[in-house]
4 protein chains.
Amino acid sequence: MIPTIETIAVREMASGDRTFIQVYKFQGLSASKKAYLQANLHGAEIVGNAIIQQLIEFLSHLDESQLLGEIWLVPVCNPTSTNQRTHYFSTGRFNPSDGKDWNRIFWDHEKECEDLTEFAKSQQDLDVSKIQQNYRQRILASFAQQLEAIQSSPFVPYNDYYRYQLQSLCLDANYLIDIHSSSNQAIDYLYCFSSREESAKAFLLDYGLLMNEYDGDAFDEAFLKPWLALETELANLGKPVQFDVESWTLECGGGMQMQPESVAKGVRGIQNYLAAKGMLKLETPIQQQPIHLVPKNRLQRYYAPRGGMIQHRVGLGTEVKKGDRLYQILCFNKIGKLPETVDIYAISDGVVLDIATNQAANQGEYVLTVM
Amino acid sequence: MIPTIETIAVREMASGDRTFIQVYKFQGLSASKKAYLQANLHGAEIVGNAIIQQLIEFLSHLDESQLLGEIWLVPVCNPTSTNQRTHYFSTGRFNPSDGKDWNRIFWDHEKECEDLTEFAKSQQDLDVSKIQQNYRQRILASFAQQLEAIQSSPFVPYNDYYRYQLQSLCLDANYLIDIHSSSNQAIDYLYCFSSREESAKAFLLDYGLLMNEYDGDAFDEAFLKPWLALETELANLGKPVQFDVESWTLECGGGMQMQPESVAKGVRGIQNYLAAKGMLKLETPIQQQPIHLVPKNRLQRYYAPRGGMIQHRVGLGTEVKKGDRLYQILCFNKIGKLPETVDIYAISDGVVLDIATNQAANQGEYVLTVM
Amino acid sequence: MIPTIETIAVREMASGDRTFIQVYKFQGLSASKKAYLQANLHGAEIVGNAIIQQLIEFLSHLDESQLLGEIWLVPVCNPTSTNQRTHYFSTGRFNPSDGKDWNRIFWDHEKECEDLTEFAKSQQDLDVSKIQQNYRQRILASFAQQLEAIQSSPFVPYNDYYRYQLQSLCLDANYLIDIHSSSNQAIDYLYCFSSREESAKAFLLDYGLLMNEYDGDAFDEAFLKPWLALETELANLGKPVQFDVESWTLECGGGMQMQPESVAKGVRGIQNYLAAKGMLKLETPIQQQPIHLVPKNRLQRYYAPRGGMIQHRVGLGTEVKKGDRLYQILCFNKIGKLPETVDIYAISDGVVLDIATNQAANQGEYVLTVM
Amino acid sequence: MIPTIETIAVREMASGDRTFIQVYKFQGLSASKKAYLQANLHGAEIVGNAIIQQLIEFLSHLDESQLLGEIWLVPVCNPTSTNQRTHYFSTGRFNPSDGKDWNRIFWDHEKECEDLTEFAKSQQDLDVSKIQQNYRQRILASFAQQLEAIQSSPFVPYNDYYRYQLQSLCLDANYLIDIHSSSNQAIDYLYCFSSREESAKAFLLDYGLLMNEYDGDAFDEAFLKPWLALETELANLGKPVQFDVESWTLECGGGMQMQPESVAKGVRGIQNYLAAKGMLKLETPIQQQPIHLVPKNRLQRYYAPRGGMIQHRVGLGTEVKKGDRLYQILCFNKIGKLPETVDIYAISDGVVLDIATNQAANQGEYVLTVM
């Protein structure tokens, strides 16, 4: 199967050079469903590019009959952030102009959909697939107004323009997979929306975070929240349904690197997920793996209570008990005293999910996260 | 009058060096009211330091009997941001760790005060000053819990720690003045909360923005919003009151500079305001100046629709009419064509409030604001 | 006259996007001489882009018979630096990887030309134009080896690759003009090489710096130094000559802006210079203007002896006398004292050439330059 | 043994906060020799702080009689760079103002010592220790003039001021050890000056770089070069001597981290070295370990010939043969083609010394070094 490749200009730079996103579109024989994958929304989180390249390779070797629907893949989806450097490092997590996190800028239909209750009522006698189709039209129509505003206006900040470009590619998808990693060092895990726990097992990962609170306007949230909202409305009306629409953020290891195991796990999980969803017909049997889901608000993030250097830190994946030493700060001073060390202990049990790449910490800087 | 000077450590850096904030406290003979002033919360916005230094000079030459109450002044209130440099420039607008704007991190009692309606009911038979006193106690008690959390926890990010330091100095004030400037170039103006329009006239400025929408967790908002919320509750109960509590953000010209006229206007306005509020007894008569207040949501911000260089831009303070040319973008390209120029026209009438210091723009970068 | 436009890829970014330089080539009827102009080598120094665009316009309206030779123009010649942002500012003065100033990376034939004395001896009986032709061949042959190294090597840092791209365009030129500005705020002036003082008058500027010391590997130096070295060798052999080869760096005002007067002066000076060199036949008579040339090593740069805020600074172009106050530092402290002001006085006479855009200074940061 | 602790202000920041360096001075019973150690000159290279802290601990447990001479230790010796952040990373390798590498700013007596030949002649009949004493006086006298210039001048850039502070602490030392690490990831090694190869064995490291070329104005160079120059002059006069003066840069692993093995090796090597030099009397016997010294100009640095993501890279310490694959670049494009991979092969044999932390590379960015 050979993909169609579409190249879309996303930004004209001050120099007159332009940056682009490029979509690889695989089209199966039957076109029922659509999956959308992207990588590298945050500049340092490059691992998904290797995953997507391997998936492109993999799909290229499939026969059209093995793909039911279409899969769109967008590696290096945010050139401004991927190419940004400070010293040797990829520091493109925020838009330099306004400090906005590149993954907190997306358009969330739920926020503007004030008549959702009425809409739900109007749909309650229809079958699920028909409701899904009608609601999709509403979302797309509403999004079309965004485009109009952007095209007619002389004053759109890049965030708005850019989000339009990305979301126009995915709003009609059934399954959205946004591949991230830690900006620091982390284990592999995923973010799972409430009610999609069962599907999470297809990614064959050990851990996940269950989103019981939202960061706001993240790419995965902006896609799925309107659907969850309608599910809630319909349930309130006595018609509990689940649309064939899902959204995932995969976290595949650490930043500024593409660890081979994280790449392999990512590829394997996505293949299995798409097969489980009936989009891929593969010879290997579909697998399920129990996943340990931890509510997101139970994450314990530790920041340095003193300035200094971090040493004797527990490793990624360590199971810690309340009271265990997590790390030690080596503190210097400028008041004529000897250096001292301060031990920091776990305040609850858990698994070490993420640790800072930088072991120098000004007071209040991030050190590690226990899940 | 000689101020008491308090020096408070705010951060231990990785090197063991520490940064501090220093409070200059002037205490009059009668201690009824308190005004709190600070400057340089954003790194580039240095102008308020000169204003505060001149106010310290001015107050030092007053007699204790001329000050009714106490005035606390904090110049260079955010050392981390003031001292940050990238190339020659002050780029300390955001916390580098999380991209958070230093003026969007503050604790807002209103957000956690769920029983405000009940509280209002319990107070409706009291007189205003008694209610003010009671509510102040509630706010301070609630804030004390913040402190406890910070002191007992090994995982507080610097934003939380820092905001505690600043807000602990001002929560018992009547009048709060946070002196800012544009990060770019701007005229002098202020932010005015709804219902405080009358007081705004004492600052002797031509323009102001009326806050009909909030940025969220800004220093001025975090201080005043709980009071406005209680005023609303009491009005709903048929007891319209206005507490003797106000909050102002002054915008005194452009960033990385201290324009003498902006400094002079700032000093004059603050002196007159404090006199109008009965805190200063001066020989010069109290003045009032009509101020043109524009609703904040009517600001029209223009971003570059193309990458290129900005030229022929209208000047600060220009009155523009819909259809007037605001600026021209000189666009280069890398596709073998001649450079071209693109004119950008005003889409509504107004006054040019703010213009970008940088006349090179990547697509979607900020150019100017019309008020 | 219509230019030929050549687009050359200079860099593939991590995202797969590419940046380019684009050369506008005007070819007159007779092809004797070549002038090469470029702009925006440092990211913040955008003014030359407007100058080049106006020159392209101007040349487009000339008849081929009015141009004797060819003129190559390269605006936005360093996309990596033009497009770089930190907060709102153009901070592209250095390569982020190695801190190298983009204008200190160029290939200087003089440094590797160890047998120059022998070469000079071999040429002393030829006429100047023949020597010029022979030496040019040597330079180009030597440069060709650079290219070979770059093309065959898997380990060329971008500095080397980029310098090859730019210098390959200009090494056969007679006149090179590199348009810069201050990164801060400055008057208009130029850098003049020793022995080219007479030609400097054609630029119609009031001031210039005479290069009696070199920064090393700057674009203008790398071009002209080999020629000056040969002139010296020939003079030592009793054959004083001056080749028809010149190199100029124009400094047209301040950074991140394109001041209309600086643009106009730049355009006018370059037109007049090219006419004076016999490359343009214009109706307006060729002009000469005395230029005040100050030896570069007599520049007095003032750095802040204390940390603080700069106020009461003398303006650009001010003539100062030894002992005059240049500026005042408003110094805060964190040791419980009142703010203080420190006056800084001129240690010699001169004209204020350049002032810092940023009026906040950590100790040892740049404040102003007296010429 | 209890150290004397001296705290020296090095910089007043714009905010009025100050940064300091703090010297821990251990004084033995006999005061013949002096060793000077510092760490963290580059912001990301924190490992030496742990080494120095452990040495302070170690020395504190010694008896005065076990230390012959004095040892001065300066951890976190460059607060400006240690505390600098961009996003999560320590990006303090360069002075933001001028792009100067913090380890290329030091005062090198050799460069100004024009009459060294005469001096050598005047000393040739004296014994080595007397010459050493006399030359030391010359260096110190010359340096004193630096101080005078700095103290009397209103225009000293911070680089000059800062270098004075550090060098004033070490110029009278016999042994200087500057503890660095890679800014990226590296094995442990040291820089060895020509003629000091024998002493290098005491550091108990496997690898070293022999400095047959200089970076210019590095801390170790600025200290030792004047001594090597005098040794050369005396050798030319037929009096080959070696002063009891040495200078070392230790490279202890990677940046932004303090790997326990690198710390342990650093501590062990320094203890053994000081014992070998007769400054420490320890119970453990003095050791010697052959060290593989590679001429510095034989280092092969590999930069990315294409933009993309680095994968399948050989590990640190790998022995590679010419023709072995070193890494692969995964290249994306924006011209409608499939992603491709490009293999990069070794052009010579060697050991992998250093690899980039960041596996995303714009064209021409650093990937790895083979020694």
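Since this is a predicted model, take the numbers as computed values, not measurements.

Engineer: Just give me the short version of the side chain of E231(B), but keep the residues and values in it.
Structural biologist: Tracing the backbone shows E231(B) in helix α7 (residues 219–236). On the accessibility criterion, E231(B) (8% relative accessible area) is buried.

Engineer: Residue-level account of the interface of chain B and chain A, with values.
Structural biologist: With 42 residues of chain B in contact, the opposing surface of chain A contributes 42 residues. A buried area of about 3,300 Å², summed over both sides, lies between chain B and chain A, and 51% of it is on carbon and sulfur atoms. Along the contact surface separating chain B from chain A lie 4 salt bridges. Close ionic contact of E12(A) with R306(B) constitutes a salt bridge, the shortest N to O distance being 2.5 Å. Joining chain B to chain A, the criterion identifies 16 residue pairs in polar contact (both at pLDDT 80 or more). It is strand β11 (residues 300–303) of chain B that contributes the most residues to the side of chain B that touches chain A, 4 residues altogether. When grouped by side-chain class, the residues that make up the side of chain B that touches chain A number 22 nonpolar, 11 polar and 9 charged.

Engineer: Describe empty space enclosed by the protein, naming the residues involved and giving the relevant values.
Structural biologist: Scanning the model with the defined rule gives 13 cavities of 30 Å³ or more in all. Put simply, the largest cavity is a space of about 120 Å³. What lines the largest cavity is a set of 14 residues, and nearest its centre among them are A356(A), N358(A), E365(A), Y366(A) and Y88(D). Elements with a minimum of two residues in the lining of the largest cavity: β17 (360–361) and β18 (366–370) of chain A. Each residue belonging to the lining of the largest cavity can be placed in one class, and the counts come to 7 nonpolar, 4 polar and 3 charged.

Engineer: Tell me about helix α9 (residues 260–276) of chain D, and please be specific about residues and values.
Structural biologist: Because each turn of an α-helix spans 3.6 residues, side chains separated by three or four positions in sequence point in the same direction. All names here are of chain D. Under the 1.5 Å per step criterion, the end-to-end length of α9 is 24 Å for 17 residues, consistent within 8% with the ideal 24 Å. Taken residue by residue, α9 has S262, V263, G266, V267, G269, I270, Q271, N272, Y273, L274 and A275 as its buried positions. Of the residues trailing α9, G278 is marked for its positive phi of about 80°.

Engineer: Give me the relation of the copies chain B and chain A: which residues, what numbers.
Structural biologist: When chain B is fitted to chain A, the best match, at an RMSD of 0.0 Å, comes from turning it 180° and sliding it 0.0 Å along the axis. The symmetry that links the two subunits is that of a two-fold axis. Residue G99(B) of chain B places its C-alpha closer to the rotation axis than any other residue of that unit, at 2.4 Å. Interface overlap between copies is the fraction of interface residues in one copy that are interface residues in the other; for chain B against chain A it reaches 100%, indicating a shared surface.

Engineer: Any chance you could break down the relation of the copies chain A and chain D for me, citing the residues and the numbers?
Structural biologist: Overlay of chain A on chain D (RMSD 0.0 Å): rotation 180°, translation along the axis 0.0 Å. Taken as a fraction of all interface residues of chain A, those also at the interface in chain D reach 100%, which identifies the copy contact as same-surface.

Engineer: Before we move on, could you go through the domain arrangement of chain A and cite the residues and values that matter?
Structural biologist: Residues and elements named next belong to chain A. Considered domain by domain, chain A is made up of domain 1 (4–297) and domain 2 (299–370). Taking the mean C-alpha position of each, domain 1 and domain 2 sit 33 Å from one another. Between domain 1 and domain 2 lies a buried interface of about 930 Å² when both sides are counted; carbon and sulfur atoms form 58% of it. For the pair domain 1 and domain 2, the interface holds 0 salt bridges. Across the domain 1-domain 2 interface, the total number found is 6 residue pairs in polar contact (both at pLDDT 80 or more). Residues belonging to the side of domain 1 that touches domain 2 are distributed by class as follows: 6 nonpolar, 5 polar and 1 charged.

Engineer: Tell me about the interface of chain A and chain D, and please be specific about residues and values.
Structural biologist: Listed as interface residues are 52 residues of chain A and, on the opposing side, 52 residues of chain D. Buried surface at the junction of chain A and chain D, summed over both partners, amounts to about 4,600 Å²; 63% is from carbon and sulfur atoms. Of all residues in chain A, Y88(A), F89(A) and K334(A) give up the largest surface area on contact with chain D, accounting jointly for 15% of the area buried on that side. The salt bridge involving E365(A) is made with R85(D); its shortest N-O contact spans 2.9 Å. The tally of links between chain A and chain D comes to 26 residue pairs in polar contact (both at pLDDT 80 or more). The residue makeup of the side of chain A that touches chain D, split by class, is 25 nonpolar, 22 polar and 5 charged.

Engineer: Account for the sheet that holds strand β8 (residues 207–211) of chain B, naming residues and giving values.
Structural biologist: All names here are of chain B. The sheet built from 9 strands is open, its strands ordered β1-β2-β4-β3-β5-β9-β7-β8-β10 with mixed pairing. Lying at the two open borders of the sheet, with one neighbouring strand each, are β1 (4–12) and β10 (292–295). Sheet twist, expressed as the mean angle between neighbouring strand axes with direction ignored, is 20°.

Engineer: Help me get a handle on the pairing of β18(A), residues and values and all.
Structural biologist: All names here are of chain A. Counting buried positions along β18 gives 5 out of 5 residues, so the element sits mostly inside the fold. Sheet analysis places strand β11 (residues 300–303) next to β18, joined by 4 bridges and oriented antiparallel. Following the sheet pairing, Y302 is matched in β18 by L368. Inspection of the sheet shows strand β16 (residues 350–355) paired to β18 by 3 bridges, in the antiparallel sense. Across the sheet, D354 pairs through a bridge with T369, a residue of β18.

Engineer: Account for the sheet that holds strand β15 (residues 340–345) of chain A, with residues named and values stated.
Structural biologist: Pairing between sheet strands relies on hydrogen bonds along the backbone, with the strands arranged either parallel or antiparallel. Residues and elements named next belong to chain A. Strand order in this open sheet of 4 strands is β15-β14-β12-β17, and the pairing throughout is antiparallel. Either end of the sheet is taken by a strand with one partner, and the two such strands are β15 and β17. Summarising the sheet, strand β14 (residues 325–331) and β15 pair through 6 bridges and their orientation is antiparallel. Note that in β15 the partner of L330 across the bridge is T341.

Engineer: Any details on the UniProt feature "domain: Succinylglutamate desuccinylase/Aspartoacylase catalytic" (unreviewed entry) in chain A? Residues and values, ideally.
Structural biologist: Feature annotation in UniProt places "domain: Succinylglutamate desuccinylase/Aspartoacylase catalytic" (unreviewed entry) on residues 33–114 of chain A, given in this structure's numbering. Secondary structure content for residues 33–114 of chain A is 27% helix and 17% strand, while the C-alpha to C-alpha distance between its ends is 28 Å.

Engineer: Would you mind going over the confidence of the model for chain A in detail, with residue names and values included?
Structural biologist: Confidence along chain A averages 96 in pLDDT terms, with 100% of residues attaining 70 or more. Scoring of the predicted complex yields 0.97 for pTM and 0.95 for ipTM.

Engineer: A description of the pattern of salt bridges should follow, citing residues and the corresponding values.
Structural biologist: When charged atoms on two side chains of opposite charge get close, those side chains can pair. One pass over the structure, following the stated rule, counts 84 salt bridges over all chains. Between D172(C) and K34(C) there is a salt bridge, and its shortest N-O distance comes to 2.7 Å. Pair noted here: D172(C) is in the loop between α6 (158–170) and β5 (175–180) and K34(C) is in strand β3 (residues 30–39), with a separation of 138 residues, a long-range link. Overall, the relative accessible area of 34% leaves D172(C) in the partly exposed class. Between D17(D) and K334(C) there is a salt bridge, with the nearest N and O atoms lying 2.7 Å from each other. Here D17(D), found in the loop between β1 (4–12) and β2 (18–27), pairs with K334(C), found in the loop between β14 (325–331) and β15 (340–345), and the two come from separate chains. The buried category is assigned to D17(D), whose relative accessible area is 2%. The buried category is assigned to K334(C), whose relative accessible area is 8%. Taken together, the salt bridges that share partners define one network made up of E12(A), R306(B) and E340(B).

The rules behind these values
- Residues numbered from 1 in each chain as written.
- Chains lettered and ligands numbered in written order.
- Predicted model: local features only at pLDDT ≥ 70, side-chain atom pairs only at ≥ 80, totals over all residues.
- Heavy atoms only, no water.
- Helix = DSSP H or I, 4+ residues; strand = E, 2+ residues; numbered from the N terminus.
- Buried < 20%, exposed > 50% of the residue type's maximum accessible area, 1.4 Å probe, protein only.
- Contact = heavy atoms within 4.5 Å.
- Buried area = accessible area lost by both parts, 1.4 Å probe.
- Salt bridge = Lys/Arg side-chain N within 4 Å of Asp/Glu carboxyl O.
- Polar contact = N/O pair within 3.5 Å; in protein donor to acceptor, adjacent residues only side chain to side chain.
- Nonpolar A, V, L, I, M, F, W, Y, C, P; charged D, E, K, R; others polar.
- 1 Å grid on protein atoms, 1.4 Å probe; cavity = no way out; pocket = protein on both sides within 12 Å on 5 of 7 lines; lining within 4 Å.
- Points joined across faces, edges and corners; volume = space filled by probe spheres on them.
- Expected span 1.5 Å × (residues − 1).
- Least-squares fit on C-alpha atoms with pLDDT ≥ 70 in both.
- Domains from an automatic or database assignment.
- Pairing = 2+ DSSP bridges.
- Axes fitted to C-alpha atoms, helices over the stretch in contact; angles between N-to-C directions.
- UniProt positions renumbered as here; feature names shortened; annotations may be inferred.
- pLDDT = per-residue confidence, 0-100.

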